[in-house]
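# An overview of the molecular structure
Residue-level listing of the chains:
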Amino acid sequence: MSQTENPAEAEVQPKGIRQMTISASTKELAELIDQHLGDLRPREPSFRVADSPISGRGIFATRDIQAGEELFREHTLLVGPTARSSSNLRTCTLCYRLIPGSTDLEALCPAGCGLPVCEDCRASPRHSIECKLFRKWKPLELQRIEPRALRILSVVRCFFLDEPQRKLLYALQANADRYYLKEVQRAAECFENFPKEQDMLDYFYRTICAFNTNAFESRSQVGGHEVLVRALFPLAGLLNHRCTPNAAHHFEDGETIVVCATERIPAGEEVTMSYVKLLWSTLARKMFLGMTKHFMCHCVRCQDPTTEGGGAAGEQQGEQQGAVALEEPLSVG
């Protein structure tokens, strides 16, 4: 976390949460993100990546940005199913379409990898490498979709990143938490030959920490079917939190995020979003942020006693921002 001129504005991280070493400077991170954006990089970007007085690195306006203006859109670096009990697990892990049929067995890949995949995607090169890896690990459950194995797919995909993408992954903030290690342990219980090599497990754990620190839950519609995935967007993940944000985001599909200004943002000002529902009370916001994002917010709104209970004062502030928090960044739990 960088130093701030106004300590009251900083996010405070509770004890017990350790930030892993970041392998790149802010300048190097910005260059890696430019490469990651590829064709989606704006010809004349209205933003830049820089050290933030709020926390770590952030995104700043390089010119005046008007309300409603699109700042950027970005494809995900890593993505996969949330595998929540409330979601339909018979969703293709590649195209996100609902797989025809009424049973898990009908949705599972017939090659024995344990992943649900539609007929059109089974022969794709992308599924082929994932299928080969999962079969090497020997899934223990082949009659039904195993949520723990399905959930880890988004992180397993780190093994298929190219070198610049791996550098970008290691350049992202990654908060270490013992809870994240349990995700690896739960996944290991689903396979007979889950990897035991320490370097592989370290890479796996680092990816999970970076993922859970920066990822979003994406809700979108594919063929009339609601898709719920967790996705890592390196640029959007740099958006720091404010309870009175000046930007919001939505998803065009499970793998593309779009960030727009919700009010005029002067040149030089940091672009922020809300990690919580705007109309929540101060207590609810602080509890959510402390439990899921591991910091306590001390922004102006959080210190304003007139908004303590949310209600009319909180609603007025929310309306002034002109934003609705369409989705929150990934909640751990």
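Described in the following lines is the structure provided in the data block. Predicted, not measured: the structure shown is a model, and the values here were computed from it.

### Some thoughts on the pattern of salt bridges
As enumerated under the stated definition, the model contains 16 salt bridges in all. Close ionic contact of R157 with E130 constitutes a salt bridge, the shortest N to O distance being 2.6 Å. Linking R157 in the loop between α5 (153–156) and α6 (163–171) with E130 in helix α3 (residues 125–137), this pair joins segments that are 27 residues apart in sequence. E130 carries the same exposure label as R157, and that label is buried. Residue E183 pairs with R151 through a salt bridge whose shortest N-O separation is 3.9 Å.

### A look at the pairing of strand β7 (residues 216–222)
With 5 of 7 residues buried, β7 lies mostly within the body of the structure. Pairing geometry for β7 and strand β8 (residues 225–232), over 7 bridges, is antiparallel. Pairing of Q221 across the sheet is with E226, part of β8. Hairpin connection of β7 to β8: 2 residues between the antiparallel strands, including G223 at a positive phi of 60°.

Calculation notes
Residues numbered from 1 in each chain as written. Predicted model: local features only at pLDDT ≥ 70, side-chain atom pairs only at ≥ 80, totals over all residues. Heavy atoms only, no water. Salt bridge = Lys/Arg side-chain N within 4 Å of Asp/Glu carboxyl O. Helix = DSSP H or I, 4+ residues; strand = E, 2+ residues; numbered from the N terminus. Buried < 20%, exposed > 50% of the residue type's maximum accessible area, 1.4 Å probe, protein only. Pairing = 2+ DSSP bridges.

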